[in-house]
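# Structural features, examined
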Amino acid sequence: SSQLHTKEPTKSADPPPNVCAFEPGAIVSDACASYSQVEDLNESLRPFVHDITQNTDFFSYYRLNLYNKKCPFWSDENGICGNRACAVNTLDNEEDIPLVWRAEELGKLEGPKAHHPGKRLQEERKARPLQGELGEDVGESCVVEYDDECDERDYCVPEDESATAKGDYVSLVDNPERFTGYTGEGAHQVWEAIYRENCFSTPHLNAKPLSAPPSSPFGGFTGAQAQAAMDLRHVMKEQQEKQGVKKAIAQGSAPAHPISDLEFEDECLEKRVFYRVISGMHASISTHLCWEWLNQTTGEWQPNLSCYENRLHNHPERISNLYFNYALVLRAVGKLKQHVQSYSFCSSDPIQDRETKRRVLALAAAIPPGEQIFDESVMFRDPDALTLKEDFRNRFRNVSRIMDCVGCDKCRLWGKLQTAGYGTALKVLFEFNETDASSDPPLRRTELVALVNTLDRISHSISVIQKFRAMVEQREAGKVAAAHGAAGGKVRGTAEVRGKKAERGVAEDDGYPEAPKQRRQIHEQTLSEAFWDEWYRVWRTFAYVIRSWFNIPGKVLEILLEETNRLYSFWLGLPVGPRKWEIRLPSRDEI
Ligand SMILES: Cc1cc2nc3c(=O)[nH]c(=O)nc-3n(C[C@H](O)[C@H](O)[C@H](O)COP(=O)(O)OP(=O)(O)OC[C@H]3O[C@@H](n4cnc5c(N)ncnc54)[C@H](O)[C@@H]3O)c2cc1C
């Protein structure tokens, strides 16, 4: 067996997670073998997923309510900086840089938008319900969601839950997930709130009571559905026990809730699964923003290696969670083979309908059967696993609501889509029958689009992480060659240049059509380029220092005011907000 989760390690019972995460196949152990298997699988599936998400109208437009929903959890009024306006820009002096490079601009949605037509218009204009709003050549019957009903079994907040505001259709292709400059306290607070949803024992943020009593039949699982729930449970159990992920997660840090505080016994399985899904999603978002990073000073889009190292490479458990998500979502998509046979993608466009179905079936056929991703033989033991369903549904609904507090439209779009995607994956795992689709619940367009696009996001992250890893290796090789001075001038020169390029975050060959801007960067650096590169860096550092000195009076005043305010709150007996300033060295990116 070949599993990501279940094979006995042959060398050590607990391989160090960092070794396994970065050297798939180099060491014969369970985790390492499985990482490289996932990578191989991804390499063969990637073209299918990429093609579907980029080249079909059905999968390249998503409907969601981006603007009409208020962040329900906090506001400036109660003294917490966390609403949309609290997005802090990456650079202190954003006003000095061209508008197009500013965070405010980068976070805006691009491309056409179309309003969801009411039921009457949908009926009247079946073929063109959007009246060309997305462009003349878009198959609108492939884009519009005709079923407005809300399904009890949704794991996330259905986008169409309100009868009045059904949201807009936006192009996912025109709005790639990449660096937007959304950062600072606003972003941290959202992540913190999302991870707080991990505390299954203390319902909050309007969560409904979580665990159903063990005796509860729990929504009437059939044998096959119970099996799926068990799969998930045992996947987690095996993963934890055999790959030392327990330790790795314990070392990782979710904001505000030290993971080491969490229980890792069996009854807390829900926490681990939920945590891993969220952390894997977070890792995927970080991967994309590091890969398509905008240097706001030069306006160049390029991979940012130090961003990758800080957020992912040095946290192998995050990468492990991303790979876990891949297995989870892939299994869900694979489970839909039967279901999509009879699915109508475009009601008034038979050609596109056929073409979309052909592509989806080609992807489904290329996915290996479930047991090749999860080992079925170790499963089906503990009936408590059924409670996962209700717990997850409520948690995911809350995470989806928290996304309304994200202060950047593009980030909100992808955050909502991916939450919906994981919610759908769990719904499919728990509710769908792989061999008999007749009793499956309806799968709405939004759910299917979110699921497949989420798979595309994770799939892209995995291929990007491989490239980043290669860049780190190249840089290290360059360092070793330079240190040993072993090779002659030419060879050493090349290695050093490669090492430097990797350091600057320049990809050798991304191999994917979606990153054309990066490819422009790939050339050997001449002496004069190296000189000017260095000169520019020194100049920027100098300017940074001068600017910082110049800003000191303002900053000191700001800190004084803030501390006075906190002291005043303390004196009045009001809750004292967290300190918003710290003294630290700047990171390379900031310079
Ligand atoms: C829903 C959402 C979508 C976003 N989308 C984008 C986007 O498309 N483009 C963009 O440029 N920015 C986006 N952002 C912002 C981005 O995710 C970061 O918040 C921002 O870049 C600041 O990063 P940071 O290094 O301060 O740490 P953050 O990524 O904000 O993380 C906060 C803390 O969480 C912990 N942490 C980080 N990663 C993980 C993980 N994988 N698992 C567990 N714990 C972790 C660390 O302790 C870290 O200090 C988004 C934010 C949110 C909330």
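Residues numbered from 1 in each chain as written. Predicted model: local features only at pLDDT ≥ 70, side-chain atom pairs only at ≥ 80, totals over all residues. Heavy atoms only, no water.

### Here we look at the overall build of the protein
- Within the protein, the regular secondary structure consists of 19 helices and seven strands.
- Scored against the burial criterion, the 591 residues of the protein give a buried share of 54%.
- Expressed as a percentage of contacts within the protein between residues at least 6 apart in sequence, the contacts between residues at least 24 apart total 78%. (Helix = DSSP H or I, 4+ residues; strand = E, 2+ residues; numbered from the N terminus. Buried < 20%, exposed > 50% of the residue type's maximum accessible area, 1.4 Å probe, protein only. Contact = heavy atoms within 4.5 Å.)

### Focus on the packing of helix α11 (residues 316-335) against helix α15 (residues 409-431)
- Closest axis-to-axis distance for the α11/α15 pair is 9 Å, and the angle between their directions is 55°. When the axis of α11 is compared with that of α15, the two are oblique. Remark: the crossing between α11 and α15 carries left-handed chirality. In this structure, α11 uses Asn 325, Leu 328, Val 329, Arg 331, Ala 332 and Lys 335 to contact α15, whose residues at the interface are Tyr 422, Ala 425, Leu 426, Val 428 and Leu 429. (Axes fitted to C-alpha atoms, helices over the stretch in contact; angles between N-to-C directions. Parallel < 35°, antiparallel > 145°, perpendicular 65-115°, else oblique. Left-handed = near helix turned anticlockwise from the far one by under 90°.)

### Concerning the site of the ligand
- In the vicinity of the ligand, 25 residues are found, and the nearest of them are Arg 178, Thr 180, His 188, Ser 279 and His 282.
- Within the side chain of Trp 191, one N or O atom sits 3.1 Å away from an oxygen atom of the ligand.
- Starting from 940 Å² of accessible surface for the ligand in isolation, the protein chains cover 87%.
- Sorting elements by how many residues they give to the shell around the ligand places helix α9 (residues 269-291) first, with six residues.
- The residue makeup of the shell around the ligand, split by class, is 14 nonpolar, seven polar and four charged. (Near = heavy atom within 4 Å. Polar contact = N/O pair within 3.5 Å; in protein donor to acceptor, adjacent residues only side chain to side chain. Areas by Shrake-Rupley, 256 points an atom, 1.4 Å probe, with all protein chains shown as cover. Nonpolar A, V, L, I, M, F, W, Y, C, P; charged D, E, K, R; others polar.)

### Some remarks on helix α16 (residues 445-484)
- In this model, α16 (40 residues) spans 58 Å end to end at C-alpha, consistent with the 58 Å of a helix rising 1.5 Å per residue.
- Burial of α16 is extensive: 28 of the 40 residues sit out of reach of the surface.
- Residue Gly 485 follows α16 closely and has a positive phi angle near 55°. (Expected span 1.5 Å × (residues − 1).)

### A short note on the nonpolar core
- Phe 59, Tyr 62, Tyr 308, Phe 345, Leu 413 and Leu 448 are the most contacted members of the largest nonpolar core, which has 94 residues in total.
- It is α16 that provides the largest number of residues to this core, a total of 13 residues.
- One finds Ala 114, Leu 134, Val 138 and Val 144 within the second-largest nonpolar core, a separate group that totals eight residues. (Core = buried A, V, L, I, M, F, W, Y, C linked by side-chain atoms within 4.5 Å.)

### Some details on the state of the cysteines
- Enumeration according to the criterion identifies three disulfides in this entry.
- The partner cysteine of Cys 290 in its disulfide is Cys 307, sulfur to sulfur 2.0 Å. In this structure the cystine formed by Cys 290 and Cys 307 twists about its S-S bond by roughly -65°; its chirality is therefore left-handed. Taken together, the positions of Cys 290 in helix α9 and Cys 307 in helix α10 (residues 305-313) put the pair 17 residues apart, joining distant regions of the chain. (Disulfide = S-S within 2.5 Å.)

### Some points on the pairing of strand β3 (residues 168-171)
- Here β3 shows a buried face lined by Asp 168 and Val 170 and a second buried face lined by Tyr 169 and Ser 171.
- Note that strand β1 (residues 61-64) and β3 share four bridges and pair antiparallel. Residue pairing across strands places Tyr 62 opposite Val 170, the latter belonging to β3. (Pairing = 2+ DSSP bridges.)

### Looking at the pattern of salt bridges
- Inspection of every chain in the model, using the stated rule, returns 18 salt bridges.
- Here Arg 457 makes a salt bridge to Asp 456, at a shortest N to O gap of 3.3 Å.
- A residue is classified by how much of its surface remains accessible, and Arg 457, at 9% relative accessible area, is buried.
- Taking the shortest distance from any N to any O, the salt bridge between Glu 476 and Lys 479 comes out at 3.9 Å. In this pair, Glu 476 and Lys 479 both sit in helix α16, three residues apart, roughly one turn of the helix.
- Residue Glu 476 is classed as partly exposed on the basis of its relative accessible area of 34%.
- One salt-bridge network, in which partners are shared between bridges, spans Arg 46, Glu 177, Asp 456 and Arg 457. (Salt bridge = Lys/Arg side-chain N within 4 Å of Asp/Glu carboxyl O.)

### A short note on the environment of Val 406
- Looking at the element boundaries, Val 406 is found in the loop between α14 (388-402) and α15.
- Considered as a pair, Val 406 and Gln 189 are 217 residues apart in the sequence and their alpha carbons are 9.3 Å apart.

### Remarks on the confidence of the model for the protein
- In the predicted model, the protein carries a mean pLDDT of 71, and 63% of its residues have values of at least 70.
- Ranking the elements of the protein by mean pLDDT puts strand β5 (residues 257-258) last with 32 and α10 first with 96.
- Taken as a whole, residues 235-268 scores under 50 in pLDDT and shows 78 contacts with residues more than four places along the chain or in a different chain. (pLDDT = per-residue confidence, 0-100.)

### Considerations on a nonpolar patch on the surface
- Judged by side-chain polarity, Phe 531, Trp 532, Trp 535, Trp 539, Phe 542 and Ile 546 come together as a nonpolar surface patch covering roughly 740 Å² of accessible area.
- The residue Trp 535 is located in helix α19 (residues 527-572) in this model. (Patch = residues over 30% accessible without salt bridge, like charges linked within 9 Å, V, L, I, M, F, W, Y side chains within 5 Å.)

### Some words on α19
- The end-to-end C-alpha distance of α19, which contains 46 residues, comes to 64 Å, matching closely the 68 Å that a straight helix rising 1.5 Å per residue would cover.
- Approximately 45° is the largest bend angle found in α19, and it occurs at Ile 552, with the proline Pro 553 only one to four residues beyond.
- By the burial criterion, the buried members of α19 are Arg 540, Tyr 544, Glu 562, Arg 566 and Ser 569.
- Where α19 is buried, its residues meet β6 (293-295).
- Downstream of α19 by a residue or two, Gly 573 has a phi angle that is positive, lying close to 85°. (Bend = angle between axes of the 7 residues up to and from the residue.)

### Quick look at the sheet that holds β1
- Read from one edge to the other, the open sheet built from three strands follows the order β1-β3-β2, with strand pairing classed as antiparallel. Across the chains shown, the open sheet's two edge strands, defined by having one partner strand only, are β1 and β2 (113-115). Sheet twist, expressed as the average angle between the axes of neighbouring strands with direction ignored, equals 25°.
- As defined by bridge partners, β2 adjoins β3 across three bridges and the pair is classed as antiparallel. For Lys 113, the partnering residue across the bridge sits in β3 and is Val 170.

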